[in-house]
Amino acid sequence: MKFSIERAALLGAISQAQSVVERRNTIPILANVLIEAEGANVSMRATDLDIEVVDKVPAQVERAGATTVSAVTLHEIVRKLPDGALVQLSDDGVSGRLTVEAGRSNFSLATLPKEDFPVMANSEYSANFSAPAPVLRRLFDKSKFAISTEETRYYLNGVYMHVSESEGGKVLRCVATDGHRLARIDADLPEGAADMVGVIVPRKTVGELRKLLDDDDMIVAVSVSETKIRFATPDITLTSKVIDGTFPDYTRVIPQGNTKRMEVDAAEFASAVDRVATVSSERSRAVKLSLEEDKLTLSVNAPDAGAAEEELTVAYGDEKLEIGFNAKYLLEIANQVDRENAVFMFNASGDPALMREGNDTSAVYVVMPMRV
Amino acid sequence: MPALCRDCLATFKDGARCPSCRSPRVLSHPELFDLSIAHMDCDAFYASVEKRDDPDLADKPVIIGGGRRGVVSTACYIARLRGVKSAMPMFQALKLCPDAVVIAPRGSHYAKVSKDIRALMNELTPLIEPLSLDEAFLDMTGTQKLHHAPPAVMLARLIKRMQDELGLSGSIGLSHNKFLAKVASDLDKPRGFSIIGKAETADFLHDKPVGLIWGVGKVTQASLEKAGIRTFTDLLRWERDDLFVRFGAMGERLWHLARGQDKRRISANDPVKSISHETTFSTDTSDSKILDGHLWRLSENVSDRAKARKMAGRVVTVKLKRSNHTALSRRVSLSDKTQSTDRIYRTARALFDLVADQGPFRLIGVGISDLGSDIDADMAGDLLDPDAGRRRAAEQATDQIRARFGKDVIKKGRAIR
C-alpha cells in the first residue's frame, strides 16, 4: 500500500476514527484504525465493537492495499505536522511497519494484520430515510442533555428515536430522560421513516453522530433495524448497535393537566438561577421558585453555605406557588430555548413541571421538583 | 528507673516488688512517665463479655461466631490455647475444640458494653480514636497536670477500673506514636502493659517482620518480599525515593515506619466513610428470592444506621462472594444522597440484576459510601417512579412506629423471605 494525501483531509478522517477508539483496550487491534487504499480513495475504519465509523477521503493511491495502525498515534502525528503538508503513507507488506513521511519527517509505526480487524457485520435495515443535517442536529442536541448515566438504568443511557403520533400527524421523535428531567423533541416525519422501529441510540453514538451534522446543507441517510442504526453522508458512515432494552412509557410522565402558566425570558431566567445557585450546596443545588402575580422569586437557603434571593418579572396569573428544583436541571432546559420566551406549566409543588418554547409543542421538557 | 505498681498504682524508683503493697506486678521503663500515645485493646472482648454475663462459662472454652458455616469472630483464651483463632472457619475450630460453647454474637449488647468502656476512657482524654468496639487509641499528651499523674499511671488505672467495675480485661500499648502503640498493646496479651520507648525503637524493630505493620496484609507482604523486604532492617536499606517509586504512597509511609516514625494524629472524630452490612449464608445459594430477602434486610440495616447517624450516601455498593471465596462488587453513583431503605434496596437490587454470575453465593453485602449530612438527602423525585413518594411516606411512618414500639413491630413481607 502506498498513497499520498493532503494533511487536512487525513486529519479530518483520522480524528473521527480515533474518537471512536476506546482509550483503554484489552484487545490490542481495537486501538487501531484500518486503513484501506483503493482506486482514488482511502478509507479509515475504527470500531469499539459497538460503534463503527468509516471515513472515506480522496487520495493519490499509487499502490492499493490495507493495514492497521494505532489510531491515537497516527492522529497525534498528523496533528503535529505543519498545515498544508503532503503526507505519504506506505508499507512494504513484509516488515510489519507503516511508514509516514511528510517533508523531512519520517515515522515508522507498528502495524497489526488487517485480517484481525473486526468489521461490523452487515445488517438488514427495515427502514431507510434521508434527513437534512439541521433536523437531526436539533433532535439530538436538544435531547441529549437528559440522557442518564446511571448504569443500573442502561435503557436510559441513550436517546429513544421513534415514530410517534402528534397533533399534526406522525412525527419523528427523540426522547431522553434520567428520571429527573425529560426532553421530547419532534420533527416532521421524513419520507420512508414511517415503518421505523423505535431504537435507543447510545450516548456515545449521539456524540459521534454530531460530527456528521455540522454542514447545514448535508443530507444524511439514516437506516434503522431492531439492533442497529446507521447514519451516512457521502464520506462518512457511522454504524452503531442500539441499546438492547425497552424505553419506559414516557407519555405518562408528561403532565397533561398542569394549568399554572408562567412565561419568562429564558436568558434572564437562566442567569438569575445561575446567580442564586452560587450559594447552594454543591451536591443538591436546590433552588426554590416562589410565584405570585407576575412575580417570581428565586431563592436558595443552604445552611452551611449561605442564602440568596432574586426577583424576576414574569407573566403569571394563578394562585401562589412554591416549588423547588435542581438548579442544574433548570439551567439545562432554559438553555434549550433560543427563539421565544420559556413557558413553564406547573401543577403543585410535588408535581413535575413542563417547559416549552412559546406555544411550540415540538420541543417539550419535563422536570421533577425537589423537596425544599 | 521510674516504676509503677499495676495493683496499687504507687510510683517509685526501681525494685521488683511494689514497696507499698508488695505486688510483683511492677512496670518499669526509663521512659515510663514520658510517653503519652496509647493503644487500648480489650482481651477477647466478645468472649469476655459473655463470660462476665454468665459466670458458668468462666472455665469453659467459649467461641463467638455465627452458625455452622460462619467463622470464629472471637475465641476466649482457653479456646485459643487449643489452637482456635479469629477468622478460622467454625468447623475447623470445633474440630480443635469440640467441647467449646459457641455463642452467636450479640452486636448491640457489645456496643453497649463498649460505651461503658468509652465512658471510662473519656475521663482520661478527649482525644480518643476508636478503631472498633474493643480497641482505641488515646492521646494523653499534656494531661499530666490535669490528672496530677503521668499517662502511664492513668492508663494502669483505666485497666484496673475496667476489671473492677466492668469485669473486663484489656491490654495497653504505650509509646511515642500510633504505629508503635498498636504494636506494643499486642506484645503481652492478655492483661498486658507494654512500652516501646524512643531510645529502644530502632533495636525493637530491626528483626521484626514488616507484616507487623497495621495495613500490610498478605498481598503487600508478598510484593514487599519480591523486592527482598522481609524485616524492618531490609526496609532500612531502601532509599526513600526508591520506595516511593516502587510502592507509591505506601512506600513513603514504609520509609518512615522503618525508622519508627508515624506522624498520624489521634483524631477523635475520624469521619465515617461508609456504612455497610453483609451476611454469610448457612448454605450457598443462588435462589434470587432468598438473595432478594437478604438485600432488603441488609438495606434496612444500612438505612437504620445511616438514619441514626443522620447521614446519607451517594454511592450504593453490592458485594457478593462466590462459593470459591472470590468476591465481586458492583457500585453506582446516584443523582443525590440517600438514606432510605427503599432507595438503597432498589438500587442494590438493580445492581444485583446486572451481575451476570448466577451464583451460588456464600455472602451478600450492601453498603453506602460518599457520605454526607442527610439534610439534602432524598430530595429529588423520580419521573419514572411516581409511587416513590408514597413509599417514602410509608417508610417515614414505619420509622416512627418503630421508634415508639420497637424495631420488630412492623416488617415488610420481603423481610421475612
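What counts, and where the lines are drawn
- Residues numbered from 1 in each chain as written.
- Chains lettered and ligands numbered in written order.
- Predicted model: local features only at pLDDT ≥ 70, side-chain atom pairs only at ≥ 80, totals over all residues.
- Heavy atoms only, no water.
- Contact = heavy atoms within 4.5 Å.
- Buried area = accessible area lost by both parts, 1.4 Å probe.
- Salt bridge = Lys/Arg side-chain N within 4 Å of Asp/Glu carboxyl O.
- Polar contact = N/O pair within 3.5 Å; in protein donor to acceptor, adjacent residues only side chain to side chain.
- Axes fitted to C-alpha atoms, helices over the stretch in contact; angles between N-to-C directions.
- Helix = DSSP H or I, 4+ residues; strand = E, 2+ residues; numbered from the N terminus.
- Parallel < 35°, antiparallel > 145°, perpendicular 65-115°, else oblique.
- Left-handed = near helix turned anticlockwise from the far one by under 90°.
- Nonpolar A, V, L, I, M, F, W, Y, C, P; charged D, E, K, R; others polar.
- pLDDT = per-residue confidence, 0-100.
- Pairing = 2+ DSSP bridges.
- Phe/Tyr/Trp six-rings, centres within 6.5 Å; stacked < 30°, edge-to-face > 60°.
- Buried < 20%, exposed > 50% of the residue type's maximum accessible area, 1.4 Å probe, protein only.
- Lys NZ or Arg CZ within 6 Å of the ring centre and 35° of its normal.
- Domains from an automatic or database assignment.

Peer 1: I'd like to hear about the interface of chain A and chain B, residue by residue, with values.
Peer 2: Counting residues at the interface gives 27 residues for chain A and 22 residues for chain B. Between chain A and chain B, the buried area comes to about 2000 Å², and carbon and sulfur atoms account for 62% of it. There are one salt bridge connecting chain A and chain B. Among the ionic pairs, Arg153 of chain A bridges to Asp382 of chain B, the shortest N-O distance being 2.3 Å. Where chain A packs against chain B, one counts four residue pairs in polar contact (both at pLDDT 80 or more).

Peer 1: Account for the packing of helix α13 (residues 288–308) of chain B against helix α14 (residues 341–354) of chain B, naming residues and giving values.
Peer 2: Between two packed helices, what matters for the description is the angle formed by their axes and the separation of those axes. All names here are of chain B. Orientation of α13 relative to α14, taken along the N-to-C sense of each, is 140°, at an axis distance of 8 Å. When the axes of α13 and α14 are compared, the pair comes out oblique. For the element pair α13 and α14, the recorded crossing hand is right-handed. When α13 is examined against α14, the residues Ser288, Leu291, Asp292, Leu295, Trp296, Ser299, Glu300, Val302, Ser303 and Lys307 are found in contact with a partner set consisting of Thr341, Asp342, Ile344, Tyr345, Ala348, Arg349 and Phe352. When its residues are assigned to classes, the contact of α13 with α14 shows eight nonpolar, four polar and five charged.

Peer 1: Quick one: what's the story with the confidence of the model for chain B, residue by residue and with numbers?
Peer 2: As a note on interpretation, predicted positions should not be read in detail where pLDDT is low. Model confidence for chain B is summarised by a mean pLDDT of 89, while 98% of its residues fall at 70 or above. Reported confidences for the modelled complex are a pTM of 0.71 and an ipTM of 0.78.

Peer 1: For the sheet that holds strand β23 (residues 321–326) of chain A, give the residues involved together with the corresponding values.
Peer 2: Residue and element names in this part refer to chain A. Reading across the sheet, the four strands line up as β21-β20-β19-β23 and stay open at both edges, with antiparallel pairing between neighbours. With partners counted over all chains shown, the strands left at the sheet margins are β21 (306–313) and β23, one partner each. Direction aside, neighbouring strands of the sheet carry axes that sit 20° apart on average. For strand β19 (residues 286–292) and strand β20 (residues 295–302), the ladder comprises five bridges, and the chain directions are antiparallel.

Peer 1: Residue-level account of the packing of aromatic side chains, with values.
Peer 2: Summed over all chains, the structure comprises 13 aromatic pairs over all chains. Pairing Tyr160 of chain A with Phe247 of chain A gives two aromatic rings, centres 4.8 Å apart and planes at 15°, and the pair type is stacked. One end of the pair, Tyr160 of chain A, is in strand β11 (residues 158–166); the other, Phe247 of chain A, is in the loop between β17 (236–241) and β18 (260–264), with 87 residues separating them in the sequence. Across this residue pair, the class does not change: Tyr160 of chain A and Phe247 of chain A are buried. Members of the aromatic cluster, each reached through a chain of ring pairs, are Phe269, Phe325, Phe344 and Phe346 of chain A. In this arrangement the basic side chain of Lys208 of chain B is found over the ring face of Phe204 of chain B, its NZ or CZ atom lying 4.2 Å from the centre. The ring of Trp255 of chain B carries the charged tip of Arg240 of chain B above its face, separated from the ring centre by 4.8 Å.

Peer 1: Describe the domain arrangement of chain B, listing the residues and the values that go with them.
Peer 2: Split by domain assignment, chain B resolves into domain 1 (31–199), domain 2 (204–258) and domain 3 (274–416). For domain 1 of chain B versus domain 3 of chain B, the distance between C-alpha centres works out to 32 Å.

Peer 1: Just give me the short version of helix α1 (residues 45–53) of chain B, but keep the residues and values in it.
Peer 2: In an α-helix there are 3.6 residues to a turn, and that puts residues three or four apart on one side. Phe45, Ala47, Ser48, Val49, Glu50 and Lys51 of chain B are the residues of α1 of chain B that are buried. Turning to α1 of chain B, the residues buried within the fold contact β4 (37–42), β5 (62–65), β6 (72–75), α2 (77–81), β7 (101–103) and α4 (107–122) of chain B.

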